[in-house]
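# Understanding the architecture of this molecule
Residues per chain are reported as follows:
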Amino acid sequence: MSHLTFMPLLPLWLIAGSGAMIALLGLYMLLRRAPGSIARVLALLLILLWLSGPRLNRPFYEPAPQDVLLVVDHSPSMALRHRLDSAEKAVAQLQQSARNIAGLTLHTVTVAGGDHHGTRLLDAIAQADLPPGRFSGAILVTDGMVHDAPASLPSLFTRENSPLPLHVLLTGKGEETDRRLRVLQAPPYALVGKAATLRVLVEDLGAPAGQDVTLTLRQGDAPPRQIAARSGVPVDIDIPMRQPGELLVTLTASPLAGEASPRNNSAIVRINGVRDRLKVLLVSGTPNQGERVWRRLLKADPSVDLVHFTILRPPDKDDGTPLSDLALIPFPIKELFQDRIKQFDLIILDGFHNAGILPQDYLSNIADYVREGGGLLLTAGPEFTEDGTLQDTPLAEVLPAHVPGNGVVNERFVPRLTDAGKRHPVTSGLQPGWGPWYRALSSDRVHGTTLLNGPSQQPLLVLDTVQKGRVALLLSDQLWLWSRGEGGGGPQAELLKRLSHWLMKEPDLEENQLRATLSDNSLRIERHSNTARLDHPAMVTAPDGKVTPQPLTAEGNGVFGARIATNGADGLWVIHQDGLTAVAAQSTRNPLEDADLRATATRLAPLAAQSHGSTQWLGTLSHAPELRQVSPDARGASFAGSGWIGFPRQLVPVASSSRLTALCPSWAALCGVLALLFLGWWREGRLRRR
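These figures come from a predicted structure and were not determined experimentally. (Residues numbered from 1 in each chain as written. Predicted model: local features only at pLDDT ≥ 70, side-chain atom pairs only at ≥ 80, totals over all residues. Heavy atoms only, no water.)

Once that is clear, we can look at a nonpolar patch on the surface. A surface patch of nonpolar side chains, amounting to about 380 Å² of accessible area, comprises Leu4, Phe6, Leu49 and Leu663. Its place among the elements puts leucine 4 in strand β1 (residues 3-6). (Patch = residues over 30% accessible without salt bridge, like charges linked within 9 Å, V, L, I, M, F, W, Y side chains within 5 Å. Areas by Shrake-Rupley, 256 points an atom, 1.4 Å probe, with all protein chains shown as cover. Salt bridge = Lys/Arg side-chain N within 4 Å of Asp/Glu carboxyl O. Helix = DSSP H or I, 4+ residues; strand = E, 2+ residues; numbered from the N terminus.)

Dropping the structure here:
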């Protein structure tokens with residue numbers, strides 16, 4: 001700030017004395033009413049003022065250091081329509097322009113975006129590490145699709161109650177349109193045999209609603225379905241669930257003319273098909289320790305409806321015990337094995353000794369039940385070799401092994417996995433070190449797959465497929481010893497659970513299965529096989545329809561695998577091998593980022609206007625705007641003009657540096673004195689002439 005100082009040409013005491021004499025003289029002349037006295041006194045005072053040397057002391061000012069943030073959007077949406085190339089070109093031009101302005105430092109900050117947090121450019125400004133008091137504004141180079149834009153200008157953009165400019169440079173030539181497909185409702189689970197209902201909505205952003213849209217629905221490698229819809233109107237789609245397991249559904253909306261990108265025109269839905277309460281019939285022979293194991297396991301499974309009967313006494317045996325003490329209800333043979341047999345998903349015969357309990361026709365019904373797709377599990381003990389054994393009934397046609405009459409082996413042994421057992425999903429991964437059993441059955445004929453061996457390498461657990469159904473035979477009645485911890489116990493619960501679910505055709509327990517998963521821009525193919533080698537490669541169909549053969553490498557225990565790069569390709573991948581099919585699709589990697597892919601000013605333009613900044617489209621400019629500094633007293637309502645954007649110039653005084661300016665220059669003092677003397681002379685002469 002300027003201030004007044006004096007540099008007198010005479011001593012101060014002399015100037016002060018002269019001033020006093022001039023004051024007395026002026027008073028005397030006024031009392032005498034001398035003509036021209038006032039002008040002459042003023043002339044003397046002006047001379048005295050010049051002699052006192054009044055000077056105006058003005059400090060020197062220089063521009064204060066300024067920090068401006070240049071925030072560059074590198075989010076995934078910037079890869080569309082050459083937006084990133086346009087942004088990088090503008091950044092280079094802005095940096096070059098900033099080098100020509102003394103005291104202005106342009107800090108460039110790159111924001112990657114994505115990672116499920118969207119594009120957050122305002123957060124990057126708030127977190128920038130700048131010296132206090134030097135922030136002068138910011139430039140955003142973006143497509144405008146930011147996800148942290150506040151409703152009002154942040155306080156950071158205010159200094160001394162004046163706004164600091166926020167300039168927005170948008171890639172593109174103007175507002176764009178985009179079509180997106182949203183899944184409003186999708187059930188995670190659906191019952192097999194019923195339909196799951198999806199509700200989807202096609203939205204046209206930046207364009208009028210109500211346009212005709214064609215939805216294409218794909219399920220695996222099945223032929224696609226075409227569904228008519230209209231933008232802005234929800235549509236319900238029924239998806240039939242034909243089998244248990246995960247069902248992968250892809251939906252694609254037809255593109256909108258001129259839209260920013262079709263990347264968000266698709267959606268992937270995963271629905272798990274589940275059975276509605278698996279029904280299991282457990283028929284136990286004479287009460288035994290294993291019966292409790294089976295009952296506890298099946299009752300603990302909330303997805304299982306268990307019907308359990310224990311045969312306490314064959315009908316041909318009469319020991320005088322009243323029937324009311326043996327059973328609460330009669331054994332409903334006809335209802336179970338004829339009328340309702342097809343309602344069961346699994347029948348378990350645990351130590352069951354027929355001895356005339358089930359007529360031959362009903363045993364034939366069980367065999368037919370298996371052939372038509374049912375599951376049958378038998379645990380066999382000594383009763384399997386006695387009169388009335390199931391081996392002498394029509395059920396023998398579906399049994400995977402035959403035990404001779406002298407086939408009972410009473411000796412200590414530890415169950416062992418066979419080579420097939422190490423590969424089969426029912427027993428693979430079960431850790432060895434199990435406790436011993438003490439009784440098993442030896443067989444003279446076996447067909448099917450042996451997973452466990454007993455004494456003398458005899459088959460202990462045999463699985464077989466009979467037409468559409470499945471059968472499992474456990475040639476020992478001492479599995480319960482593991483549940484008691486005999487010799488350290490064993491994986492009794494896990495084995496029985498896997499075994500029963502394999503019999504009920506649980507997809508994850510198929511011995512021949514093909515799986516595919518997508519992660520980290522790579523496709524993982526995994527084949528589980530009951531063979532030691534594969535003769536054919538997997539045929540991989542990419543989203544663009546290209547088919548590539550891919551050999552699978554053995555990884556041990558019947559698992560073969562491969563991993564291939566997807567190069568970021570979105571869409572449905574279909575893999576075929578040996579009659580098996582697997583599908584995989586990449587879910588939206590950045591759901592917030594991909595929700596709207598337009599270049600738009602709608603989110604940032606209000607903030608720029610509040611800061612007196614500007615919003616400009618780079619696609620309409622031949623060159624990025626030039627950077628300028630605007631003087632505080634010269635700026636208008638905006639910090640921008642044609643071809644330029646500006647920031648307020650801030651000046652600070654230079655310490656120990658100032659400029660002295662004479663308040664009463666010599667020429668001015670001389671002219672003033674002469675003018676006053678002439679005025680006094682003229683006044684005096686005029687009065688004398690009167």
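Having put the structure on the table, let's press on.
Under the defined criterion, the tally for this structure stands at 4 aromatic pairs. For the pair phenylalanine 135 and phenylalanine 157, a centre-to-centre distance of 5.4 Å together with 80° between the ring planes defines the contact as edge-to-face. Residue phenylalanine 135 is found in strand β5 (residues 135-142), and its partner phenylalanine 157 is found in the loop between β5 and β6 (158-159); the two are separated by 22 residues along the sequence. An angle of 55° between the planes, with centres 5.0 Å apart, marks the rings of tryptophan 437 and tryptophan 482 as tilted. (Phe/Tyr/Trp six-rings, centres within 6.5 Å; stacked < 30°, edge-to-face > 60°.)

As a further point, take the pairing of strand β13 (residues 225-230). Bridge count for strand β12 (residues 212-219) against β13 is 6 bridges, and the pairing is antiparallel. Within β13, the position partnered with valine 213 by the bridge is alanine 229. Taking the residues between adjacent antiparallel strands as the criterion, β12 and β13 are bridged by 5 residues, where glycine 220 takes a positive phi near 60°. (Pairing = 2+ DSSP bridges.)

Positionally, leucine 248 belongs in strand β15 (residues 245-253). It is 42 Å that separates the C-alpha atoms of leucine 248 and glutamine 127, two residues lying 121 residues apart in sequence. Other than its neighbours up to four places away in sequence, leucine 248 contacts Arg218, Gln219, Gly220, Ile268, Val269, Arg270, Leu572, Val583, Ala584 and Ala585. (Contact = heavy atoms within 4.5 Å.)

Strand order in the open sheet formed by 8 strands is β18-β17-β19-β20-β28-β27-β26-β23, with mixed pairing between adjacent strands. Sheet topology places β18 (304-310) and β23 (416-417) at the edges, where each strand pairs with a single neighbour. Here β23 pairs with strand β26 (residues 449-453) via 2 bridges, running antiparallel. By the bridge assignment, arginine 416 is partnered in β26 with asparagine 453. Here helix α8 (residues 360-371) sits on the sheet in contact with β19 (346-350), β20 (375-379), β27 (459-466) and β28 (469-474), set at roughly 120° to β28. (Axes fitted to C-alpha atoms, helices over the stretch in contact; angles between N-to-C directions.)

A few words now on the sheet that holds strand β9 (residues 178-185). Strands pair in a sheet through their backbones, by hydrogen bonds, and they do so in one of two ways: parallel or antiparallel. As summarised here, the arrangement of the 3 strands in space is β9-β11-β14, forming an open sheet in which the pairing is antiparallel. Pairing within the sheet leaves two strands with one partner each, and these edge strands are β9 and β14 (235-240). The mean angle between the axes of side-by-side strands here comes to 30°, regardless of whether they run parallel or antiparallel. For β9 and strand β11 (residues 195-205), the ladder comprises 7 bridges, and the chain directions are antiparallel. Its bridge partner being in β11, aspartate 178 is matched across the sheet by leucine 205.

The next thing to look at is the pattern of salt bridges. Counted under the stated rule, the structure contains 27 salt bridges. In this structure, the salt-bridge partner of arginine 120 is aspartate 123, at a minimum N-O distance of 2.7 Å. Classification of arginine 120 as partly exposed rests on a relative accessible area of 33%. A salt bridge links aspartate 596 to arginine 598; the nearest nitrogen and oxygen atoms lie 2.8 Å apart. Exposure class is identical for aspartate 596 and arginine 598. Each is buried. Salt bridges linked by common partners bring Arg81, Arg83, Asp143 and Glu176 together as one network. (Buried < 20%, exposed > 50% of the residue type's maximum accessible area, 1.4 Å probe, protein only.)

With respect to the helices and strands, glutamine 478 occurs in the loop between β28 and α10 (480-483). The exposure class of glutamine 478 is buried, given its relative accessible area of 10%. For glutamine 478, the residues in contact, after removing those within four places along its chain, are Trp437, Tyr438 and Arg439.

The terminal C-alpha atoms of helix α3 (residues 83-98) lie 23 Å apart, and with 16 residues this matches the ideal 22 Å at 1.5 Å per residue to within 8%. Within α3, the full set of buried residues consists of Arg83, Ala87, Ala90, Val91, Gln93, Leu94, Ser97 and Ala98. (Expected span 1.5 Å × (residues − 1).)

The residue serine 266 is located in strand β16 (residues 266-274) in this model. A polar atom in the side chain of serine 266 sits 3.2 Å from the side chain of threonine 252. (Polar contact = N/O pair within 3.5 Å; in protein donor to acceptor, adjacent residues only side chain to side chain.)

Helix-helix packing: each pair is described by the crossing angle between the helix axes and the interaxial distance. One way to put it is that helix α1 (residues 12-32) packs onto helix α2 (residues 37-52) with a least axis distance of 10 Å and a crossing angle of 175°. Here α1 lies roughly antiparallel to α2, going by the angle between them. Packed against α1, whose contacting residues are Ile15, Ser18, Gly19, Ile22, Leu25, Gly26, Met29 and Leu30, the element α2 presents Ser37, Ile38, Val41, Leu44, Leu45, Leu48, Leu51 and Ser52 at the interface. Among the residues making up the contact of α1 with α2, the classes are represented as 11 nonpolar, 5 polar and no charged. (Parallel < 35°, antiparallel > 145°, perpendicular 65-115°, else oblique. Nonpolar A, V, L, I, M, F, W, Y, C, P; charged D, E, K, R; others polar.)

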